[in-house]
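Okay, here's what each chain looks like letter by letter:
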Amino acid sequence: MGKLAVIAIGGNSLIKDKRQSVDDQYIAVCETVKHIVDVIEEGYEVIVTHGNGPQVGFIMRRSEIAHETDDMHLVPLVNCDADTQGAIGYQIQQALQNEFHKRGMKKKATTVVSQVEVDKNDKAFSNPSKPIGSFYSEDKIDKIKEEHPNWILINDSGRGYRRVVPSPMPINIIEQDSIELLIEKGVTVIAVGGGGIPVIRDEEDNLIGVNAVIDKDNASSLLAGELNADLFIISTAVPNVCINFGKENEEKLHDVGMDKIKNLRNEGHFAPGSMLPKINACINFLENGGKKAIITCPEELKEAVMGDKGTIISK
Ligand SMILES: Nc1ncnc2c1ncn2[C@@H]1O[C@H](COP(=O)(O)OP(=O)(O)O)[C@@H](O)[C@H]1O
Ligand SMILES: NC(=O)OP(=O)(O)O
């Protein structure tokens, strides 16, 4: 087997600005996939993971509205997670297959519906923190709170207010062996979509789904560590991690070691709910034996892998 890269694609990076239709998302997927195939052409076997923050919120809201207006069955959040793995996985799988075909590559792509075990006593269940669905502007917030008194809303990195749900830490990827078998056969695998479908175990060791959204950066970092990946890449909407992000003195980070990134984290440069989980996921990967992690945008993936662009974090 060649070198292994786990590439995590952000849910927000697939829904750009006002381009929110499913067709728009497929266009964004196709764009991203071209850059992923560039990495495969550099000699990497690739596991693609993806977020689902916006999409899982949209599916849940659709289900709630259908339930309120037409008495249709409510889709529990855990099933909405599963729906996003199928829907986004389908788009990535198809885009990969078409790109392989276009380039005359004899590769296959397959999506693995992935369950990820979490601790039923994880404090996250009583402390929702994962933003999902739409962004609401400040002027709409009073009306939203009035209409949905049960929602917990947070300001998501200055981009607007979003509903939050519990986000427990991933501890075990149930389908890991199957993912590994496919990778060994040279298949490009799409796995742990949306951070995985969260499950716990009962007293008899049966799996039971739980309503939460796992952070895909954490689940991807766990998968990359467990499979001893050579590279862990987070593809998001920005080319680089920055210090003083959004301020006049904003500065891009290129090559950065563990000590420095930890110091910058402690100084509060990375927003919780957006960049902070990515930084933590990269640190966890490196602390679990990984050698190199990259955070960049889809357009700069190949050059980042070559060492020329993006933010490269190493030990
Ligand atoms: N220090 C930082 N440097 C770069 N981007 C940052 C920083 N802090 C917050 N961000 C924001 O984090 C976003 C990435 O998080 P998010 O949109 O949640 O990711 P995802 O692509 O996984 O959906 C960036 O697009 C940027 O707006
Ligand atoms: N599940 C998850 O982390 O999704 P996003 O990357 O879209 O926030």
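Residues numbered from 1 in each chain as written. Chains lettered and ligands numbered in written order. Predicted model: local features only at pLDDT ≥ 70, side-chain atom pairs only at ≥ 80, totals over all residues.

Per an unreviewed UniProt entry, the chain goes by Carbamate kinase and derives from Vallitalea guaymasensis. Listed in UniProt under the heading Sequence similarities (unreviewed entry), the comment for the chain reads: "Belongs to the carbamate kinase family." What the UniProt record of the chain gives under Catalytic activity (unreviewed entry) is the line "hydrogencarbonate + NH4(+) + ATP = carbamoyl phosphate + ADP + H2O + H(+)". (UniProt positions renumbered as here; feature names shortened; annotations may be inferred.)

Draft legend 1. Highlighting the sheet that holds strand β7 (residues 161-165). Taking strand neighbours across the sheet as the criterion, the three strands line up as β5-β7-β6 in an open arrangement whose pairing is antiparallel. Two strands in the sheet have a free side with no partner beyond their single neighbour: β5 (130-136) and β6 (153-155). Neighbour-to-neighbour, the strand axes of this sheet turn through a mean angle of 40 degrees, independent of strand direction. Where β5 meets β7, four bridges bridge the pair, whose relative direction is antiparallel. Opposite Y136, over in β7, you have Y161 as the bridge partner. The strands touched by helix α2 (residues 53-70) are β5 and β7; relative to β5, the strand with the most contacts, the crossing angle is about 75 degrees. (Pairing = 2+ DSSP bridges. Helix = DSSP H or I, 4+ residues; strand = E, 2+ residues; numbered from the N terminus. Axes fitted to C-alpha atoms, helices over the stretch in contact; angles between N-to-C directions. Contact = placed C-beta atoms within 7 Å.)

Draft legend 2. Expanded view of the site of ligand 2. Taken together, G10, G11, N12, G51, N52, G53, G194, G195, V213, D215 and K216 make up the full set of residues near ligand 2. Of the residues in the shell around ligand 2, the class split is one nonpolar, eight polar and two charged. (Near = placed C-beta within 6 Å. Nonpolar A, V, L, I, M, F, W, Y, C, P; charged D, E, K, R; others polar.)

Draft legend 3. Representation of the environment of V238 within the structure. By secondary structure assignment, the location of V238 is in the loop between β12 (231-235) and β13 (242-243). Once the C-alpha coordinates of V238 and C297 are considered, the two residues, 59 residues apart in sequence, prove to be 5.2 Å apart.

Draft legend 4. Structural view of the sheet that holds strand β1 (residues 3-9). Spatial ordering of the open sheet is given by β3-β9-β2-β1-β12-β16-β17-β15, a layout of eight strands whose pairing is mixed. Of all the strands in the sheet, just β3 (109-111) and β15 (255-257) have a single pairing partner and so form its edges. Between one strand and the next, the sheet's axes are offset by a mean angle of 20 degrees, whatever the strand orientation. The sheet strands contacting helix α1 (residues 22-41) are β1, β2 (44-50), β9 (188-190) and β12, and the helix crosses β2 at an angle near 150 degrees. Each of β2, β3 and β9 is contacted by helix α3 (residues 77-102), which is oriented at about 175 degrees to β3, the strand it contacts most.

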